[in-house]
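The residues making up each chain are set out below.
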Amino acid sequence: MADRVTVIGWDGSPLTAAARSALAAATLVAGAPHHLALPEVQERAERIRLGSVSLAARRIAGHRGTAVVFADGDPGFFGVVRTLRAPEFGLEVEVVPAVSSVAAAFARAGMPWDDAQVVVAHRRTLRRAVNVCRAHTKVAVLTSPGAGPAELGLLLGSVQRTFVICEELGNEREQVTVLTSDKAADRTWRDPNVVIVMGGPVGPVVTTGPAEGWIAGRDPAAVARGWTLPAEAYGGELGEGETDLLRAAQLARLGPRVGDLVWDIGCGSGAFAIEAARAGAAVIAVDRDTQACTRTDSAARSFGVHLQIVQGDAPHILENLPEPDVVRVGGGGVAVVSAVADRRPQRIVAHASTRDEAELVGRDLTEHGYHVECALLQSVELDTRAWTETERSVAFLLSGLLPERVS
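A few points on the structure. The shown structure was predicted, so the numbers you read here are calculated from the model rather than taken from an experiment.

## Some thoughts on the packing of helix α6 (residues 126-135) against helix α7 (residues 149-156)
- Where α6 contacts α7, the axes come no closer than 10 Å and their chain directions differ by 65 degrees. When you trace α6 past α7, the crossing you get is right-handed. Note on element contacts: α7 touches α6 through Glu-151, Leu-152, Leu-155 and Leu-156, opposite Leu-126, Val-130, Cys-133 and Arg-134.
- Class assignment of the residues belonging to the contact of α6 with α7 gives a composition of 6 nonpolar, no polar and 2 charged.

## Considerations on the sheet that holds strand β16 (residues 371-383)
- The 7 strands lie next to each other as β13-β12-β11-β14-β15-β17-β16, forming an open sheet whose pairing is mixed. Of all the strands in the sheet, just β13 (308-311) and β16 have a single pairing partner and so form its edges. Each adjacent strand pair in this sheet contributes to an overall mean axis angle of 20 degrees, direction not counted.
- Relative to β13, strand β12 (residues 282-287) runs parallel, the two being bridged by 4 bridges. If you follow Val-286 over to β13, its bridge partner there is Val-310.
- Sitting on the sheet, α6 touches β11 (261-265), β12 and β13, and the angle it makes with β12 is about 70 degrees.

## Remarks on the nonpolar core
- Core analysis: the largest hydrophobic core is formed by 26 residues, its most contacted members being Trp-263, Ile-265, Leu-318, Val-329 and Val-340.
- Residue assignment for this core shows that the elements contributing at least two residues are β11, β12, β14 (326-329), α11 (333-342), β15 (347-352), α12 (355-367) and β17 (388-401).
- Apart from residues lying up to four places away in sequence, Leu-318 is in contact with Trp-263, Ile-265, Val-286, Val-336, Val-340 and Arg-343.
- Core analysis: the second largest hydrophobic core is formed by 22 residues, Leu-229, Ile-274, Ala-281 and Ala-299 among them.

## Notes on the packing of aromatic side chains
- Applying the stated criterion across every chain, the model contains 3 aromatic pairs.
- Both rings, one in Tyr-234 and one in Phe-303, keep their centres 5.5 Å apart while their planes meet at 35 degrees; by these two values the pair is tilted. Here Tyr-234, found in the loop between β10 (193-198) and α8 (244-254), pairs with Phe-303, found in helix α10 (residues 290-303); they are 69 residues apart in sequence, far enough to count as distant.
- Take Phe-303: its relative accessible area is 21%, and that puts it in the partly exposed class.

## Side note on the packing of α8 against helix α9 (residues 271-278)
- The geometry of α8 relative to α9 is characterised by a closest axis approach of 11 Å and an angle of 45 degrees between their N-to-C directions. When the axes of α8 and α9 are compared, the pair comes out oblique. Judged by the twist between their axes, the crossing of α8 over α9 is right-handed. On the side of α8, the interface is formed by Arg-247, Gln-250, Leu-251 and Leu-254, while α9 contributes Ala-271, Phe-272, Glu-275 and Ala-276.
- Residues of the contact of α8 with α9, tallied by class, amount to 5 nonpolar, 1 polar and 2 charged.

## Thoughts on α8
- Among the residues of α8, those classed as buried are Leu-246, Arg-247, Ala-248, Ala-249, Gln-250, Leu-251 and Leu-254.
- As for α8, its buried residues are in contact with α9, β14, β15, β16 and β17.
- Trailing α8 by a residue or two, Gly-255 shows a phi angle of about 60 degrees, which is positive.

Calculation rules
Residues numbered from 1 in each chain as written. Predicted model: local features only at pLDDT ≥ 70, side-chain atom pairs only at ≥ 80, totals over all residues. Heavy atoms only, no water. Axes fitted to C-alpha atoms, helices over the stretch in contact; angles between N-to-C directions. Helix = DSSP H or I, 4+ residues; strand = E, 2+ residues; numbered from the N terminus. Left-handed = near helix turned anticlockwise from the far one by under 90°. Contact = heavy atoms within 4.5 Å. Nonpolar A, V, L, I, M, F, W, Y, C, P; charged D, E, K, R; others polar. Pairing = 2+ DSSP bridges. Core = buried A, V, L, I, M, F, W, Y, C linked by side-chain atoms within 4.5 Å. Buried < 20%, exposed > 50% of the residue type's maximum accessible area, 1.4 Å probe, protein only. Phe/Tyr/Trp six-rings, centres within 6.5 Å; stacked < 30°, edge-to-face > 60°. Parallel < 35°, antiparallel > 145°, perpendicular 65-115°, else oblique.

Right, dumping it as structure tokens:
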């Protein structure tokens, strides 16, 4: 095992005394080519071009001597420190920090970033990173080869965003470019780069005192308490499939979360779509009715959430939509449920007004390989001044879980 391992963050600034001292004693140095070319790296030191951090960690664990690992930006922020400290390698490391590439990117843009979401995009997580960009107004994306600005722009499709693309931060080839997301695929971008993605509606301004903010990311106080809100919050009476308790049960079954893409088919007033978006998910709301789409758009703007609203008849309108993680079918019956199940989302919820209709939907989901549950939900609202019944609703709630995609 290496006698000593020092991780040096590099942001283009002159190396600190601690970094120079570690390099002077190093018998092994791992890093990118521009790190290994630094004059402070001793000629006698073994050099490893850093590709797979796990492979480098295994090599360092077997090295007799002192080792240095370079990393761009802050090595403790989505960096190499986590891998090096993994139990299978048993490495104790000292860290010489630097300004993170995210902080540097926002500094170049002259913007604060305590209200930003930060995600890492590589081939395996690219779709989820794009969903965060769909749902949030300010996102920093740490890219990788094959999951860069061009791929982000292509997957965002018709969802328009502004990109601030920061290439090769900290060296003489550094370049900052501002353009719209639909233009990102027209160029070739140099690695490494950070993309600041901005756009979508801005929610109500929330102040929490003189400091104006107390937590990174979205302020929880900007989101009203409760999974579901009363009909009055959405401008009045809702459809029969949009009762508070039914929506709460559907949200509980689907569990929308940051990084997910939710389809809400038959969005009606937009209540469910907005509540899924308030949970941090990206949402596509679909309805054939023009007034429903208009009402949904108006409600989304009032809540400061971004929805992609698609007008058209399901199931045909669904064919060109991006792959969903979870889906609420609020209308269309078995034909729509079947078309959704063909796309293999992890979870599907639907409701039915009769047992026969529920059985048809349940059988279709079972035939598609879903584990199906059905519950009869009955709610009675009371006027608490006289404790008399004011409204009664009954619905069959069906949920389908795809075992192969449980996570």
